[in-house]
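Listed below, chain by chain, are the residues.
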Amino acid sequence: MKGKSPKESYTIMNELVLPNDTNTLNNLMGGRLLHWMDIAAAIAAQKHCNRIVVTASVDNVSFKHSIKLGDVITIEAKVSRAFNTSVEVRLDVWAENIPSGNRYKSNEAFYTFVALDQNNLTIPVPELIPETPEEMVLFEGALRRRQLRLILGGKMKPDDATELKALFFGESNG
């Protein structure tokens, strides 16, 4: 299976924040943003895998700035690492008030997707070949993020998380 670069999965999605998307303070509801982020991330994952994908996990999503009614949201997503049957997708969320020209970063997150075949069974995905320095940093950190996700999900024992232990305790891998 031929490897792919992150730019092959790059996805941009735009949404206009309408009254039905907001809470009583006229701020975008967090759940609506998470929904849009999931769609953008799934598109990026499908581009990389050329398969249907399902959301496996969503990392911590911090809301740095509120997004207001009438703002335009731009969600940028691309695969940051591929594992055996899953991919990690990095998302950056920008909000823009077009009349004022004010644009700011609101959120960032990592979503993980698993690729499925026609029988809904997991299937191997193409490897990711990072090209830029930023892509390489994201690629390198993905194994630690994956181990943390597995520990928090009860699928890995902390003692088995060699990459995380090395980060915190300076232990060598292996």
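Before reading on, note that the structure itself is shown above.
Throughout what follows, the structure given in this document is the object of discussion.

The secondary structure content of the protein chain amounts to three helices and five strands. Reading the protein chain from its N end, one meets helices and strands in the order β-α-β-β-β-β-α-α. A compact globule built from 174 residues should have a C-alpha radius of gyration of about 16 Å, and the protein chain, at 17 Å, falls within 12% of that. Taking the principal axes of its C-alpha atoms as reference, the protein chain extends roughly 55 × 40 × 30 Å. Sequence-distant contacts, at least 24 apart, represent 67% of the contacts inside the protein chain between residues at least 6 apart. Within the structure as shown, the protein chain displays about 9,700 Å² of accessible surface, and the carbon and sulfur contribution to it stands at 55%. Looking at the protein chain, you have 20 positive and 21 negative side-chain charges, and the mean spots of the two groups are 1 Å apart.

Before going further, it helps to spend a moment on the environment of Leu121. Looking at the secondary structure, you find Leu121 in the loop between β5 (102–116) and α2 (133–152). The sequence separation of Leu121 and Thr85 amounts to 36 residues, and the corresponding C-alpha distance is 9.9 Å. Not counting residues within four places of it along the chain, the set of residues in contact with Leu121 comprises Ala115 and Leu116.

Glancing now at the nonpolar core. Core analysis: the biggest nonpolar cluster contains 34 residues, and Leu33, Met37, Ile73, Ile75, Val87, Val89 and Phe113 have the highest contact counts within it. Here the element with the most residues in this core is helix α1 (residues 30–49); it accounts for nine residues.

Let us now look at α2. Helix length check: α2 (20 residues) gives 29 Å between terminal C-alpha atoms against 28 Å at 1.5 Å per residue, within 8%. Ala142 marks where α2 bends most, by close to 35°. All buried positions along α2 are accounted for by Glu135, Leu138, Phe139, Gly141, Ala142, Arg145, Gln147, Arg149 and Leu150. Directly beyond the C-terminal end of α2, a positive phi value near 75° is found at Gly154.

Our next topic: the sheet that holds β5. Pairing in this open sheet of five strands is antiparallel, and the strands run β1-β3-β4-β5-β2 from one edge to the other. Here the strands that pair on one side only, and so sit at the sheet edges, are β1 (11–16) and β2 (52–58). Averaged over all pairs of adjacent strands, the angle between their axes in this sheet comes to 30°, without regard to strand direction. In this fold α1 packs onto β1, β2, β3 (72–82), β4 (86–97) and β5, with an angle of close to 40° to the strand it touches most, β3. Along the sheet face, α2 touches β2, β3, β4 and β5 and points at about 80° away from the line of β3.

Excluding glycine, most residues fall at negative phi; most peptide bonds, likewise, are trans. For Asn50, which is not glycine, the phi dihedral falls at a positive 55°. Here Asn50 shows up in the loop between α1 and β2. Despite not being glycine, Asn120 shows a phi value in the positive range, around 65°. By secondary structure assignment, the location of Asn120 is in the loop between β5 and α2. Take Asn120: its relative accessible area is 59%, and that puts it in the exposed class.

Glancing now at the side chain of Glu135. Turning to its location among the elements, Glu135 is positioned in helix α2. For Glu135, a relative accessible area of 6% puts it in the buried group. Side-chain polar atoms of Glu135 contact the side chain of Lys78, separated by 3.1 Å.

This part covers the pattern of salt bridges. One pass over the structure, following the stated rule, counts 11 salt bridges. Linking Glu108 and Lys64 is a salt bridge whose minimum nitrogen-to-oxygen distance equals 3.2 Å. Here Glu108, found in strand β5, pairs with Lys64, found in the loop between β2 and β3; they are 44 residues apart in sequence, far enough to count as distant. By relative accessible area, which is 27% here, Glu108 ends up partly exposed. Two residues, Lys105 and Asp92, come together in a salt bridge whose shortest N-O distance is 2.8 Å. Placement of the pair is Lys105 in strand β5 and Asp92 in strand β4, with a sequence separation of 13 residues. With relative accessibility at 13%, the residue Asp92 sits in the buried group.

So, how was this worked out
- Residue numbers restart at each chain and count upward from 1, following the sequence in its written direction.
- Local features are withheld for residues below a pLDDT of 70 in this predicted model, meaning they are given only at 70 or higher, and side-chain atom pairs are given and counted only at 80 or more; totals for whole chains, interfaces and linings count all residues.
- The side-chain numbers reported here are obtained from all heavy atoms of the structure, hydrogens and water having been left aside.
- Each helix is a run of H or I in the DSSP string that is no shorter than four residues. Each strand is a run of E no shorter than two, and both are numbered from the N terminus.
- C-alpha atoms define the radius of gyration in this analysis, and the globule rule sets the expected value at 2.2 Å times the number of residues to the power 0.38.
- Every residue pair with non-hydrogen atoms within 4.5 Å of one another is taken to be in contact.
- For the area figures, the Shrake-Rupley method with a 1.4 Å probe applies, and any residue is considered shielded solely by the protein chains shown.
- The convention is simple: Lys and Arg are positive, Asp and Glu are negative, and His and the chain ends are not counted.
- A charged residue contributes its charge at one atom only: NZ of Lys, CZ of Arg, CG of Asp or CD of Glu.
- What we call a nonpolar core is a set of buried Ala, Val, Leu, Ile, Met, Phe, Trp, Tyr and Cys residues that are connected through their side-chain atoms within 4.5 Å.
- Any residue under 20% of the maximum accessible area for its type is buried, any over 50% is exposed, and the rest in between are partly exposed; the area is computed with a 1.4 Å probe on protein chains only.
- Helix span, as expected, comes to 1.5 Å for every residue beyond the first.
- What the bend at a residue measures is the angle between two axes, fitted to the seven residues ending there and to the seven starting there.
- Here, strands pair whenever DSSP counts at least two bridges between them.
- Note on geometry: axes are C-alpha line fits, over the in-contact stretch for helices, and angles between N-to-C directions span 0 to 180 degrees.
- Here a polar contact is taken to be a pair of N or O atoms separated by no more than 3.5 Å, where protein atoms must pair a possible hydrogen donor with a possible acceptor and residues adjacent in sequence count only if both atoms sit in side chains.
- For this analysis, a salt bridge means a side-chain nitrogen from Lys or Arg found within 4 Å of a carboxyl oxygen belonging to Asp or Glu.

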